[in-house]
Amino acid sequence: MSIKLNSSHMEIFQFFLFHPQMVRLWNFMSKTNHQLQPFHLAIPVHDLESAKNFYHHSLGCEIGRSSNEWIDFNFFGHQLVCHLSERASNEITNSVDSNDIPVPHFGLVLSWNDFKTITSDLKEKKIEFLIEPTIRFENEVGEQAIAFLRDPSGNAIELKAFKNMDSLFKAK
């Protein structure tokens, strides 16, 4: 399935990535010692029932509020909202350590053991991986286990775990 991202979606995405006020906000947030707060992410889906089946039944996310146009999920402590939309994102990839990584994507940073448990559970449920569970940057700063999958609407999801969680933001 080919997914198209229109120019207004890209403008919004670029605003949140590069707008000076957003950069200052992220820099401020990264320097504070506040408890990590849940994020909110809204994504397009082409079918709410398929989204409900995938996020609730396959991934185990609790269902929150909903309407005929959207569903809230507790995505491992974060608010994920699936909005019914005929539009979706383009199939863009970026090569990282010999894998074609889908852009955009979202995901979770898990403990090493949780990564193994969740990816094993998904394999048992016959969930197809876009990128099978693998280790990248082995024996380097930032060594991590990764796996990518797509929801029924084509949204890319990354599961990852760092061998050493202290290297999550370490450059080298």
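Remember, it's a predicted structure, so these values are computed and weren't measured experimentally.

Peer 1: Give me the sheet that holds strand 7 (residues 105-110): which residues, what numbers.
Peer 2: Whether parallel or antiparallel, the strands of a sheet pair through hydrogen bonds between backbone atoms. An order of 7-10-9-8 is seen for the four strands of this open sheet, with the pairing classed as mixed. The open sheet is flanked by strand 7 and strand 8 (129-136), the only strands paired with a single partner. Within the sheet, the average angular offset between the axes of one strand and its neighbour, ignoring direction, is 15°. Two elements, strand 9 (residues 144-150) and strand 10 (residues 156-162), share seven bridges in a ladder whose sense is antiparallel.

Peer 1: Quick rundown of the packing of aromatic side chains? Include the residues and the values.
Peer 2: Counted according to the given criterion, the structure contains five aromatic pairs. Between Tyr55 and Phe75, the aromatic rings sit 6.5 Å apart at their centres with planes inclined by 70°, giving edge-to-face as the arrangement. Remark: Phe75 occurs in strand 3 (residues 70-75) and Tyr55 occurs in helix 3 (residues 48-58); sequence separation between them is 20 residues. Tyr55 sits in the buried class, given a relative accessible area of 0%. Judged by its relative accessible area of 1%, Phe75 is buried. Taken together, Phe54, Tyr55, Phe73, Phe75, Phe76 and Phe106 form an aromatic cluster joined through their ring pairs.

Peer 1: With reference to specific residues and values, describe the state of the cysteines.
Peer 2: For the structure on display, the rule yields zero disulfides. Just so you know, Cys61 is unpaired, no disulfide at all, and the nearest cysteine sulfur is the one on Cys82, 8.9 Å from it. Cys82 sits in the buried class, given a relative accessible area of 0%.

Peer 1: Outline a nonpolar patch on the surface, supporting the account with residue identities and numerical values.
Peer 2: Together, Val109, Met165, Leu168 and Phe169 make up a nonpolar patch on the protein surface, roughly 410 Å² of accessible area in all. Take Met165: its relative accessible area is 40%, and that puts it in the partly exposed class.

Peer 1: Quick rundown of helix 3? Include the residues and the values.
Peer 2: Residues of helix 3 that are buried: Leu48, Ala51, Phe54, Tyr55 and Ser58. Down the axis of helix 3, the sector holding all buried residues measures 165°, keeping them to one side. Those residues of helix 3 that are exposed and angled more than 90 degrees off the buried face are Glu49 and His57. At the C-terminal side of helix 3, Gly60 shows a positive phi close to 80°.

Peer 1: Let's hear about the side chain of Ser167: which residues, and what values?
Peer 2: Residue placement: Ser167 occurs in the segment after strand 10. Among residues more than four places away in sequence, those in contact with Ser167 are Val141, Gly142 and Phe162.

The rules behind the values
For every chain, the first residue of its written sequence is number 1, and the numbers climb from 1 along that sequence. Predicted model: local features are reported for residues with pLDDT of at least 70 only, side-chain atom pairs are reported and counted for 80 or more only, and whole-chain, interface and lining totals are derived from all residues. Side-chain calculation: all heavy atoms of the structure are included, whereas hydrogens and water are not. Here, any two strands with at least 2 DSSP bridges between them count as paired. Only DSSP runs of H or I covering at least 4 residues are called helices, and only runs of E covering at least 2 are called strands; the numbering of each starts at the N terminus. Only the stretch in contact is used when a helix axis is fitted, and all axes are lines through C-alpha atoms; the angle between N-to-C directions ranges over 0 to 180 degrees. When two rings of Phe, Tyr or Trp (its six-membered ring) have centres within 6.5 Å they constitute a pair, described as stacked for plane angles under 30 degrees, edge-to-face for angles over 60, and tilted for the intermediate range. Only protein chains enter the accessibility calculation, which uses a 1.4 Å probe; a residue whose area is less than 20% of its type maximum is buried, one above 50% is exposed, and one in between is partly exposed. By convention in this document, the label disulfide applies to cysteine sulfur atom pairs within 2.5 Å. Each patch is built from residues that are more than 30% exposed by relative accessible area and take part in no salt bridge. Like charges join if they lie within 9 Å; nonpolar side chains (Val, Leu, Ile, Met, Phe, Trp, Tyr) join within 5 Å. Computed by Shrake-Rupley with a 1.4 Å probe, the accessible areas treat only the displayed protein chains as cover when residues are assessed. Salt bridges are defined by distance alone: a side-chain nitrogen of Lys or Arg within 4 Å of a carboxyl oxygen of Asp or Glu. For this quantity, the arc is that covered by the directions from the helix axis to the C-beta atoms. Contacts were defined at the residue level, with two residues in contact if any of their heavy atoms lie within 4.5 Å.

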